[in-house]
Amino acid sequence: MDWIPAAFSTLLATLRDIVPIVLVVVVFQFAVLRRSLANPARILAGFVFVVLGIALFLIGLEAAIFPLGRGMAEQLITQATAGAAGGGWLMYGWIYLFAFAIGFSTTMAEPSLIAVAIKAGEISGGSVGVWGLRIAVALGVAIGITLGVYRIIYGLPIHWFIIAGYILVVIQTAFAPREMVPLAYDSGGVTTSTVTVPLVAALGLGLASAVPGRNPLIDGFGLIAFASLFPIIAVLAYAQLSVFLARRA
């Protein structure tokens, strides 16, 4: 029965986080716009659904997704480290595969990305594919996290990866379709949300703690930066490829 106090605490924390947002909207509605709410009963019901939905979502992540991700990461890291100690550095291939898979799957399930993709599809009249955008962002996160894991394993400096990545983004921005550039930049932010961040952070810290010679504080963090940068590259590349294929057709 320990989950009941934890669930209640999560519900209160969610309510505490949501209420200031609602107060800002209400104050501006009545004090600045000086208009009443169009459908107060519907808005209240939606507010209740949002609070309950977020609370249940966080409870589910804490009860199932987080322990599962941490457990698999620790087991793979321990197995790979043992293989590396015997000379089998190829054992880290399973870590790369796990990093790619966890990055892709968590991004595809990211609620913020789903919302942005649906709105982009609606506003563009269908020219921006919802599934195409989600897959492009998920591939970018997966590749970025895999590259970040490679950096942790070999102890490479993070700033060279980030500098090179943003130089590539600037070059792509000059040649990508103008209507896709803002969406690509937003796609880098929606990936660092509730589902992706805890699993990616657990993977980075677990890997840095298990690999000999790594400092968890220096090497364990930084994967979130890769998860924010590479979706921008992927969406810009997706837009450029779409334009290229359209011109050829």
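Placed above this text is the structure.
Residues numbered from 1 in each chain as written. Predicted model: local features only at pLDDT ≥ 70, side-chain atom pairs only at ≥ 80, totals over all residues. Heavy atoms only, no water.

Peer 1: What is the right way to read the overall build of the chain from this model?
Peer 2: Of the regular secondary structure elements, the chain holds 10 helices and zero strands. Along the chain direction, N to C, the helices and strands of the chain fall in the order α-α-α-α-α-α-α-α-α-α. Based on the C-alpha atoms only, the size of the chain along its principal axes is roughly 70 × 60 × 30 Å. Counting only residues that meet the buried cut, the chain has 35% of its 249 residues in that class. In the chain, the proportion of contacts linking residues at least 24 apart, taken out of those at least 6 apart, comes to 79%. Carbon and sulfur atoms make up 73% of the accessible area of the chain, which amounts to about 14200 Å² in all. (Helix = DSSP H or I, 4+ residues; strand = E, 2+ residues; numbered from the N terminus. Buried < 20%, exposed > 50% of the residue type's maximum accessible area, 1.4 Å probe, protein only. Contact = heavy atoms within 4.5 Å. Areas by Shrake-Rupley, 256 points an atom, 1.4 Å probe, with all protein chains shown as cover.)

Peer 1: What am I meant to see in the nonpolar core here?
Peer 2: In a soluble, globular protein the nonpolar side chains are often hidden away together inside. One finds Ile95, Leu133, Ile145, Val149, Leu203, Leu207 and Leu236 to be the most contacted residues of the largest nonpolar core, which totals 43 residues. Elements represented by at least two residues in this core include exactly α2 (40-85), α3 (93-108), α4 (111-123), α5 (130-154), α6 (158-175), α7 (181-190), α8 (196-210) and α10 (223-248). At 10 residues, α10 tops the list of elements feeding residues into this core. Apart from residues lying up to four places away in sequence, Val149 is in contact with Ile95, Tyr96, Ala99, Leu203, Leu207 and Leu223. (Core = buried A, V, L, I, M, F, W, Y, C linked by side-chain atoms within 4.5 Å.)

Peer 1: Mind showing me how you'd approach the packing of α7 against α10 here?
Peer 2: In a pair of packed helices, the angle between the axes and the distance between the axes together describe the arrangement. Contact geometry of α7 with α10 gives a least axis separation of 7 Å together with a crossing angle of 155°. Between α7 and α10, the interaxial angle falls into the category roughly antiparallel. Classified by chirality, the crossing of α10 by α7 is right-handed. Two secondary-structure elements touch here, α7 through Val181, Ala184, Tyr185, Ser187 and Gly188 and α10 through Ala227, Ser228, Pro231, Ile232, Val235 and Leu236. The residue makeup of the contact of α7 with α10, split by class, is eight nonpolar, three polar and no charged. (Axes fitted to C-alpha atoms, helices over the stretch in contact; angles between N-to-C directions. Parallel < 35°, antiparallel > 145°, perpendicular 65-115°, else oblique. Left-handed = near helix turned anticlockwise from the far one by under 90°. Nonpolar A, V, L, I, M, F, W, Y, C, P; charged D, E, K, R; others polar.)

Peer 1: How should I be thinking about the layout of surface pockets in this particular structure?
Peer 2: Over the atoms a probe the size of a water molecule is rolled, and this reveals where empty space is left. There is about 230 Å³ of room inside the largest pocket. Around the largest pocket, the lining residues are Ile21, Val22, Val25, Val26, Leu37, Pro40, Ile43, Leu44 and Phe47. The set of elements that each furnish at least two residues to the lining of the largest pocket consists of α1 (3-32) and α2. Here the lining of the largest pocket is built from residues that sort into nine nonpolar, no polar and no charged. Counted as a void, the second largest pocket has a volume near 190 Å³. When grouped by side-chain class, the residues that make up the lining of the second largest pocket number six nonpolar, two polar and one charged. (1 Å grid on protein atoms, 1.4 Å probe; cavity = no way out; pocket = protein on both sides within 12 Å on 5 of 7 lines; lining within 4 Å. Points joined across faces, edges and corners; volume = space filled by probe spheres on them.)

Peer 1: Would you mind going over the packing of α5 against α10 with me for this structure?
Peer 2: In the contact formed by α5 and α10, the axes pass within 7 Å of each other and the chain directions differ by 140°. On the basis of the axis angle, α5 is oblique to α10. The handedness of the crossing between α5 and α10 comes out as right-handed. Among the residues forming the contact of α5 with α10, the class breakdown is 17 nonpolar, four polar and one charged.

Peer 1: Teacher, can you tell me more about the side chain of Ser187 here?
Peer 2: Tracing the chain through its elements places Ser187 in helix α7. A residue is classified by how much of its surface remains accessible, and Ser187, at 0% relative accessible area, is buried. Excluding anything up to four places from it in sequence, Ser187 contacts Leu133, Val137, Pro231 and Val235.

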